Amino acid sequence: PRTYYVEMDFGGYGKIVLELNEEDAPITVKNFVRLVRRGFYDDTTIFRAQKNFVIQGGQDESVKLPTIKGEFEENGIVNNISHVRGVISMARTSDPNSATSQFFITLHDSAKASLDGKYAGFGRVIEGMDVVDIIANVPVNAKYKPAEDVIVESITISEYKG
């Protein structure tokens, strides 16, 4: 399996670096890498910032993409990535095989109780968790939508063949 390193630039908020785990979530990593390479996430927003839980971004449901199989225990897939602070995971609807582009980053270890076995963790933040925390503390409305735009200006990717 390959290890991918992803730099996500949030403009004035700063940058984070993610390490993706192809071994535990090969379908999810392949999907995310494909979208990053297409520039799909560039100029998208973080549309959910729920303190002590997650920040979430990606395209909204109006963008039609193929869905992927959910790589988590409730869907019959072993995934050893626990949703502790800094893990990136794929969002989905109630259908376990409905993930497309939306991702979230967990803000607190307590997230694992409600997310492990139900969502496909596929990597972790290795640099810039302070940037994630700043974004998580942006004022939000009643639906956790940030009051000011938090833009993913660009995402770049590199690969290490281990």
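Look above for the structure.
Only a predicted model underlies this, so the values are computations on that prediction, with no experimental measurement involved.

Observations regarding the packing of aromatic side chains
This model, assessed by the stated rule, comprises six aromatic pairs. Centroid distance Phe 32 to Phe 103: 6.1 Å. Interplanar angle 85 degrees. Geometry classified as edge-to-face. With Phe 32 in helix α1 (residues 26–37) and Phe 103 in strand β6 (residues 103–106), the pair connects residues that are 71 residues apart, well separated along the chain. Residue Phe 103 is classed as buried on the basis of its relative accessible area, which comes to 0%. For the pair Tyr 41 and Phe 103, a centre-to-centre distance of 5.6 Å together with 75 degrees between the ring planes defines the contact as edge-to-face. Of this pair, Tyr 41 sits in the loop between α1 and β3 (44–50) while Phe 103 sits in strand β6, and the two are 62 residues apart along the sequence. Of the two residues examined, Tyr 41 and Phe 103, each falls in the buried class. A cation over an aromatic ring shows up here: Arg 92 above the ring of Tyr 119, its NZ or CZ 4.6 Å from the ring centre.

Description of α1
The terminal C-alpha atoms of α1, which comprises 12 residues, lie 16 Å apart, in line with the 16 Å expected from a rise of 1.5 Å per residue. Along α1, the positions that sit buried rather than exposed are Thr 28, Val 29, Asn 31, Phe 32, Val 33, Leu 35 and Val 36. In the segment just after α1, Gly 39 is the residue with positive phi, at about 75 degrees.

Things to note about unusual backbone geometry
Excluding glycine, most residues fall at negative phi; most peptide bonds, likewise, are trans. At Asp 43, a residue that is not glycine, the phi angle is positive and equals roughly 65 degrees. Residue placement: Asp 43 occurs in the loop between α1 and β3.

Describing the nonpolar core
Counting 38 residues, the largest nonpolar core has Met 8, Phe 10, Ile 16, Leu 20, Phe 32 and Ile 55 as its most contacted members. Of all the elements in the fold, those that place two or more residues in this core are β1 (2–9), β2 (15–21), α1, β3, β5 (87–90), β6, β7 (120–127) and α3 (129–136). Setting aside chain neighbours within four positions, we find Leu 20 in contact with Arg 2, Thr 3, Tyr 4, Val 6, Val 29, Phe 32, Val 33, Ile 88, Phe 122 and Gly 123. Listed in part, the six residues of the second largest apolar core include Phe 53, Val 54, Ala 91 and Leu 115.

Quick look at the pairing of β7
Pairing of β2 with β7, which is carried by four bridges, proceeds in the antiparallel orientation. Paired with Leu 18 across the bridge in β7 is Val 125. In terms of strand pairing, β5 meets β7 through four bridges, oriented antiparallel. Note on β7: the bridge partner recorded for Val 87 is Arg 124.

As for the side chain of Arg 92
Relative to the helices and strands, Arg 92 resides in the loop between β5 and β6. Nearest to the buried, unbridged Arg 92 among oppositely charged side chains is Glu 74, at 4.6 Å. A distance of 3.5 Å separates a polar atom in the side chain of Arg 92 from the backbone oxygen of Ser 94. If sequence neighbours within four positions are ignored, Arg 92 has contacts with Phe 72, Ser 98, Ala 99, Lys 118 and Tyr 119.

The rules we used
Residues numbered from 1 in each chain as written. Predicted model: local features only at pLDDT ≥ 70, side-chain atom pairs only at ≥ 80, totals over all residues. Heavy atoms only, no water. Phe/Tyr/Trp six-rings, centres within 6.5 Å; stacked < 30°, edge-to-face > 60°. Helix = DSSP H or I, 4+ residues; strand = E, 2+ residues; numbered from the N terminus. Buried < 20%, exposed > 50% of the residue type's maximum accessible area, 1.4 Å probe, protein only. Lys NZ or Arg CZ within 6 Å of the ring centre and 35° of its normal. Expected span 1.5 Å × (residues − 1). Core = buried A, V, L, I, M, F, W, Y, C linked by side-chain atoms within 4.5 Å. Contact = heavy atoms within 4.5 Å. Pairing = 2+ DSSP bridges. Lys, Arg positive; Asp, Glu negative; His and termini not counted. Salt bridge = Lys/Arg side-chain N within 4 Å of Asp/Glu carboxyl O. Polar contact = N/O pair within 3.5 Å; in protein donor to acceptor, adjacent residues only side chain to side chain.

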